[in-house]
Amino acid sequence: MFPLGVLKHSNFPILDLPLASDILDAGRFHHSVSSVLGTPQFIGNRLRLDGNTVLMVAFNTNLYFGNGNFAISFKFELDASSWGYFLSKREGALSFRMSISQTNVHVLLWGTSSGVNFSTPVSLSASTEYHLAVERYGDTITVYLNGLAINTETTNLPNLASGPGDLYIGAYKDSSPPSYMPTGYIRQLQIFRGAVYKGNFTPPT
């Protein structure tokens, strides 16, 4: 399913995890997704993150962005006072991490030698669904919350977030075991190898 408002573009998600009733990749590449901690539970067409549930998407070359455009998006809810990493991918320096609390959205994208580090103050309500996206379009990196840009930076850094590491959902994974696990919900995780938003947009329903 393409995000509303960008149906006219030719990009398709290279990873498409509805996370409504299972952990299968609904995209054409059918990436391997497994549970590395806990047993996935689905409530109201969402994956419950209970602080003890972590999924892993095994690395595939389709998830290598190189120096090109890309977009990462998902819907989430936070429990009251929760904080943690909804997504993380770590392999040496070539990593990305997306952590969320009710007062801050943190996105780190690291390349060959340096990267961009967004820390954006927000005011999020518990048990309320939001849409978060980060996109590289040319030399511009933008973070969107509910379709509105909340942070942006211009950079020509190569190989952002393009390491060969596995992608973890629901935890930070730099060493074993996973850590910094949020409590809440996640659904409609999509990764595009191409720019899809290019400006403010209407999130999918």
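Owing to the predicted nature of the structure, the values given are computational and were not obtained by experimental measurement. (Residues numbered from 1 in each chain as written. Predicted model: local features only at pLDDT ≥ 70, side-chain atom pairs only at ≥ 80, totals over all residues. Heavy atoms only, no water.)

Enquirer: Can you walk me through the environment of Val-105 in this structure?
Expert: Along the polypeptide, Val-105 turns up in strand β8 (residues 104-110). On the basis of relative accessibility, which here comes to 1%, the residue Val-105 falls in the buried class. Between the C-alpha atom of Val-105 and that of Pro-121, which follows or precedes it by 16 residues, the distance is 6.6 Å. Residues contacting Val-105, with those up to four places away along its chain left out, are Ser-99, Ile-100, Phe-118, Ser-119, Thr-120, Val-122, Leu-132 and Val-143. (Helix = DSSP H or I, 4+ residues; strand = E, 2+ residues; numbered from the N terminus. Buried < 20%, exposed > 50% of the residue type's maximum accessible area, 1.4 Å probe, protein only. Contact = heavy atoms within 4.5 Å.)

Enquirer: Would you take a moment to explain the sheet that holds strand β2 (residues 33-37) for this structure?
Expert: One open sheet accounts for seven strands, arranged β2-β4-β13-β6-β7-β8-β9; its pairing is antiparallel. If you trace the sheet from one side to the other, it starts and ends with β2 and β9 (115-121), each paired once. This sheet shows a mean twist of 20 degrees between the axes of neighbouring strands, independent of strand direction. Summarising the sheet, β2 and strand β4 (residues 54-57) pair through four bridges and their orientation is antiparallel. Bridged to Val-33 within β4 is Val-57. (Pairing = 2+ DSSP bridges. Axes fitted to C-alpha atoms, helices over the stretch in contact; angles between N-to-C directions.)

Enquirer: Hey, could you run me through the nonpolar core in this one?
Expert: Note that soluble globular proteins tend to have their nonpolar side chains buried in a common cluster. Counting 43 residues, the largest nonpolar core has Phe-74, Phe-76 and Leu-109 as its most contacted members. Discounting residues that sit within four places of it in the chain, Leu-109 has contacts with Phe-70, Ser-95, Phe-96, Gly-115, Val-116, Val-134, Ile-141, Leu-160 and Ala-161. In this structure, Ala-71, Ala-133, Tyr-144 and Phe-201 belong to the second largest nonpolar core, which totals seven residues. (Core = buried A, V, L, I, M, F, W, Y, C linked by side-chain atoms within 4.5 Å.)

Enquirer: Is there a simple way to think about the environment of Leu-49 in this case?
Expert: By secondary structure assignment, the location of Leu-49 is in strand β3 (residues 47-50). Distance from Leu-49 to Pro-182, taken between C-alpha atoms, is 6.6 Å for residues 133 residues apart in sequence. Apart from residues no more than four positions distant in its own chain, Leu-49 is found in contact with Phe-86, Gly-170, Pro-182, Thr-183, Gly-184, Tyr-185 and Ile-186.

Enquirer: Looking at this structure, I do not really get the environment of Gly-170. What am I missing?
Expert: Along the chain, Gly-170 turns up in the loop between β13 (167-169) and β14 (183-192). Since its relative accessible area comes to 1%, Gly-170 is described here as buried. With 151 residues separating them along the chain, Gly-170 and Leu-19 place their C-alpha atoms 12 Å apart. Filtering out sequence-adjacent residues up to four positions away, Gly-170 remains in contact with Leu-49, Thr-53, Val-54, Tyr-85, Phe-86, Met-181 and Pro-182.

No statement about biological role is implied by the geometric values presented.
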